[in-house]
Structure formats: structure tokens, C-alpha cells
Amino acid sequence: MDKNELWNRCLELIEERVGKGAFDLWFRPIKAKQMKEDQLILEMPNRFYREWVEENYSQMINDTVREITGRDFDIRFRVSVKQDTEEKRQYAQFTQKKRALRQRGVYLNPKYTFDGFVVGPSNAFAHAAALKVSESPGTVYNPLFIYGGVGLGKTHLISAIGNHILDKMPDLKVIYVQSEQFTNEVVSAIRHDRMTELKEKYRTVDVLLIDDIQFIANKTSTQEEFFHTFNSLYEQQKQIVISSDRPPKEIQDVTDRLKSRFTMGLLADIQPPSFETKLAIVYKKAELLNIVVPHDVAEYLAMRVKSNIRDLEGCLIKLAAHSSLSGLPISLEMARHALRDMIPEEHRPITVDRILKVVSEFFGVKVQDLRSKKKTKEIVLARQVAMYLARQLTDLSLGDIGKNIGGKDHATVIYACRQVEAKKAQDESFERILESMIKKLKEG
């Protein structure tokens, strides 16, 4: 088949996998430029498309081409418009570094560095711990366990550790692997009787970076192999860095002995960023993309994208793509129009007052009682639910939530959230009540 037939068949499969919205935005504009032997060159309308597709969808494209042709292709991305000399130099440098890492069997993204990580109150502790580990691998905070919600920077941070170590100590052997890939390798090794090779690969490294460890839940063989790999590396004083979307004790269906290993070193959490941190991230990402974002647009993005930094970057790249294709500067009007599918229409803001009103209606108590010092069973539970919802649905700090709900301190808010989480896990009807309140608050 020729290049166009191959790419059209790829597009059909990709649309099924990513959905129409993402497909129309990121894949429809891509053209097959050239195919020779085992190389396929894809042409993008501008560098912002290339940046986003290469970082987020390159593996999917590779897998799809392999699925259709039955063999591996060297997929390359090119921009259809002219680039300035500096941009060409930067991209060539990035590509060269990425290929050099791949030749060593290291699948790190060279863009994820400490310099590109915006530090704020929500991630300062995790950042400091990661930096310390990267300077002295295997000697402090071993293992380092970083946890936090989706898109808050865990992958960036553990990748930055690997990139820093390889820059400063190039002789060290570093492996970055997602837990799902580790599982696939374990299954393949068992199936093809290659466990010795797998053990040799993972138990002789100097630094093991494993991402999204929560996905080994319910996978007995994977947990067994990782347990022994962990022990082997730890005894050799080799550095282990793990990321998860939740703390060890909350990972379900993972053995207690593994959970205990996860807590042997340092636990560092990443919380959703504040408005100020998100604003700083917008400006930092815009600088890296070499685009000008007016202050009102930056504030709009920081205010409307609630927590996921990946979504924030996606919004910026989409704006840059629109600006590049239309030849118009980025403006607030353009942002509202271009991002209407990524940022929903604004509803009435969720405040503590609204939360208290909704909670009081559900539990049949008075708002003033929720703000009082009364400690009857019904009021205590309702108050804890209000604190939990405020933490989930607002950008307020723990201290501010406590002040707005009876002048409580941040420790009380943390305790309340834990109590609600525990009750939610044990009682399905209580979980449905929470979901009903959240839905009512979000609908305005």
C-alpha cells in the first residue's frame, strides 16, 4: 500500500480510539508526506501540533502503524511551514537527545526537567525531595514515593530525576517504566520462559523510576516480581522512585508487604495548584512554546482550568495552534471560542456558603449549626461533609476552609476529609449522597 492508503487506515483506527473531538483537533490535519522502506514521515500544520502529537500520541501512532503493516516503522514528524533557525536548532537538539536515550534503552522525555517544573506551595516538598534524590541517588529518601491526582506533575518530576542523573552521572544505569509496561514485560517473560532476562534487566540498575504503581493492583505475578526487584535494589542501595495517584495505604488489592516497602523511605504528595501557581505555569509554558499570552487570557486559563496541569498545557497549545493557523494574536475572545470544548461554560461559582446551604438541606440541619461548636452526631457528620466538599470543589486552602466553617484549623479539615473518605469507601448509599450533592453544586 502507498503512504496515503496506510495513513488513512491508521486514521480510521485512531478516531475509534481517541474520539471525534481529539481526532478532529489533532489528527485530521496530519498528512502522510513520505514513506520509504521502514520510515514514515508525517507532516503537521505547525510546530504546536508537532509538540502535542509527538508528546501525547506518538506511541499510539507507532502501535497503529505496526498493527496495520505487521512491522515497526520509524515515524518522523515534520512541520509544513518554515521554522526559524533557533527553533530548528532546539528541535534537533531535543530529537538527538531523545534518540540517544532510546539507544541506551531509556524511555524518558528529555523535556521533563527541573528547570521546566514550576514550584509552588502545592508541590514544593515533592520537588525538593526529588531534587535531593537526583543529586545523591541511593543515599537519601530511598524509596521516594510521590503521589497526587491526575495531571499534577508526578511524571514530570520523576522524569526530571532521571534526566538530571543522566546529565550529571551518565555512567549510571537508569530505567523509567510505567507499571502497565512492567506488567506486560512480566507476562511476556513468564510466557516465553525469560524470567532470568527480566531479573537481569531490572535488578542491575542504579536507578529505577516506576510510574503509576497503582496499576499493579490485582496483578499477583507482577506484585511478586516487583517485591523481589525492590528488595534486591534496596539491599544494593540503588535508588527507587515510585509514583501513584494515591498514598500507599489507599492502594487497593496490593499486598501489605509491598505497601510496607513503599513507606520505608519518604512519602511526598502533590496537591492541586493554587491560582497563583497555575498563573505561573501558564507563563512558563508560554515561554517554552515561544508564544505571547496576554494577562487576561492567562488569568482566564488559571481560573477556569481547575487542577489538571496537562489540561492547562493542552489549552495553551490549542491556542497557539489556532493563532498560528489564523495569523491572529491570542486574545480573550479567541480563547473563549477556541477552548469552548475544553473549558465548559461557566456556572455559578461554588463557594463555602453554597456548600453549607446544600449540605444543610440534605442533612436537615441549620447552616448556623454547621458553623457552631455543636458536636451532635448529625451535625459533626454534616460539618465533615461540608469540609470534604469544600476541599474537592474549591481552590481554598485547608486553613481557609476551616476558617469559613466554624473557625476550625487545617488539621480538623484533614481529619474530616479522611473520615468522609473512609465512610464513603464502606457505605455505598453515603457515596451516592455525596455524588448527589456534588452534582447539585456543579449544576449551579
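Residues numbered from 1 in each chain as written. Predicted model: local features only at pLDDT ≥ 70, side-chain atom pairs only at ≥ 80, totals over all residues. Heavy atoms only, no water.

Asker: Before we move on, can you summarise the sheet that holds strand β8 (residues 266–270) with the specific residues and values?
Answerer: Strand-to-strand pairing in sheets goes through backbone hydrogen bonds, with the strands running parallel or antiparallel. Strand order in the open sheet formed by five strands is β5-β6-β7-β4-β8, with parallel pairing between adjacent strands. In this open sheet, the two strands that pair with only one neighbour each are β5 (174–178) and β8. Here the average twist between neighbouring strands, direction ignored, is 15°. Across the face of the sheet, helix α6 (residues 124–135) comes into contact with β4 (144–148), β7 (239–244) and β8 while running at roughly 135° to β8. Sitting on the sheet, helix α10 (residues 220–235) touches β6 (207–211) and β7, and the angle it makes with β7 is about 140°. (Pairing = 2+ DSSP bridges. Helix = DSSP H or I, 4+ residues; strand = E, 2+ residues; numbered from the N terminus. Axes fitted to C-alpha atoms, helices over the stretch in contact; angles between N-to-C directions. Contact = heavy atoms within 4.5 Å.)

Asker: Describe in detail the environment of Ala 217, supporting the description with residues and values.
Answerer: Tracing the sequence through the fold places Ala 217 in the loop between β6 and α10. Spatially, the C-alpha atoms of Ala 217 and Thr 255 are 8.7 Å apart, while their sequence positions differ by 38 residues. Not counting residues within four places of it along the chain, the set of residues in contact with Ala 217 comprises Gln 223, Gln 252, Asp 253 and Val 254.

Asker: So what's going on with the packing of aromatic side chains? Which residues, and what values?
Answerer: Applying the stated rule across the entire model yields nine aromatic pairs. Plain terms: the ring middles of Phe 27 and Tyr 57 are 4.9 Å apart, the flat faces sit at 65° to each other, and that makes the pair edge-to-face. Of this pair, Phe 27 sits in helix α2 (residues 20–27) while Tyr 57 sits in the loop between α3 (47–56) and α4 (58–69); the two residues are 30 residues apart in sequence, bridging distant segments of the chain. Where Phe 226 meets Phe 262, the ring centres are 6.4 Å apart and the plane angle is 50°; that geometry is what we call tilted. Note that Phe 226 is positioned in helix α10 and Phe 262 in helix α11 (residues 256–262), a separation of 36 residues in sequence. Accessibility classification places Phe 226 together with Phe 262 in one group, the buried group. (Phe/Tyr/Trp six-rings, centres within 6.5 Å; stacked < 30°, edge-to-face > 60°. Buried < 20%, exposed > 50% of the residue type's maximum accessible area, 1.4 Å probe, protein only.)

Asker: For the nonpolar core, give the residues involved together with the corresponding values.
Answerer: Counting residues in hydrophobic clusters, the biggest one holds 54 residues, and the most contacted among them are Ile 61 and Leu 301. Element by element, the count of residues in this core is highest for helix α14 (residues 309–326), at eight residues. Leave out the neighbours within four places in its chain, and Ile 61 touches Trp 7, Ile 14, Phe 27, Leu 42, Val 53, Ile 75 and Phe 77. If you look at the next biggest cluster of nonpolar residues, it comprises 26 residues, including Val 352, Ile 379, Val 385 and Val 420. (Core = buried A, V, L, I, M, F, W, Y, C linked by side-chain atoms within 4.5 Å.)

Asker: Residue-level account of the pattern of salt bridges, with values.
Answerer: Using the criterion set out here, one finds 19 salt bridges in the structure. With its nearest N and O atoms 2.8 Å apart, the salt bridge here joins Arg 76 to Asp 74. We classify Arg 76 as partly exposed; its relative accessible area is 31%. The residue Glu 313 makes a salt bridge to Lys 285 at a minimum N-O spacing of 3.9 Å. Pair noted here: Glu 313 is in helix α14 and Lys 285 is in helix α12 (residues 275–289), with a separation of 28 residues, a long-range link. Across the pair, Lys 285 and Glu 313 agree in class, each one buried. (Salt bridge = Lys/Arg side-chain N within 4 Å of Asp/Glu carboxyl O.)

Asker: Tell me what's going on with the sheet that holds strand β1 (residues 31–36), and back it up with residues and numbers.
Answerer: Taken together, the three strands give an open sheet; going across it, the order is β1-β2-β3, and neighbouring strands pair in mixed fashion. Single-partner strands in this sheet number two, and they are β1 and β3 (74–79). Strand-to-strand twist of the sheet, defined as the mean angle between neighbouring strand axes without regard to direction, takes the value 25°. With five bridges connecting them, β1 and strand β2 (residues 39–44) associate as antiparallel partners. Residue pairing in the sheet places Met 35 in a bridge with Leu 40 of β2. Along the sheet, helix α1 (residues 3–18) contacts β1 and β2; its crossing angle with β1, the most-contacted strand, is approximately 125°.

Asker: Describe the packing of helix α16 (residues 352–363) against helix α18 (residues 377–393), and please don't skip the residues or the numbers.
Answerer: Between α16 and α18, the least distance of the axes is 9 Å, while the angle of their chain directions is 140°. The element α16 and its partner α18 pack so that their crossing is right-handed. Between α16, through Val 352, Ile 355, Leu 356, Val 359 and Phe 363, and α18, the contact on the second element is made entirely by Leu 381, Ala 382, Val 385, Ala 386, Leu 389 and Ala 390. Of the residues in the contact of α16 with α18, the class split is eleven nonpolar, no polar and no charged. (Left-handed = near helix turned anticlockwise from the far one by under 90°. Nonpolar A, V, L, I, M, F, W, Y, C, P; charged D, E, K, R; others polar.)

Asker: For the side chain of Ser 159, give the residues involved together with the corresponding values.
Answerer: Turning to its location among the elements, Ser 159 is positioned in helix α7 (residues 154–168). Not counting the four nearest positions on each side in its chain, Ser 159 is found in contact with Leu 108, Tyr 112 and Tyr 176.

Asker: Give a detailed account of the packing of α18 against helix α20 (residues 410–426), specifying residues and quantitative values.
Answerer: Running from N to C, α18 and α20 point in directions that differ by 100°, and their axes come no closer than 8 Å. One element, α18, and the other, α20, form an angle in the roughly perpendicular class. Across from Leu 381, Gln 384, Val 385, Met 387, Tyr 388, Arg 391 and Gln 392 in α18, the residues of α20 making contact are Thr 412, Val 413, Tyr 415, Ala 416, Cys 417, Gln 419, Val 420, Glu 421, Lys 423 and Lys 424. For the contact of α18 with α20, a count of residues per class yields nine nonpolar, four polar and four charged. (Parallel < 35°, antiparallel > 145°, perpendicular 65-115°, else oblique.)

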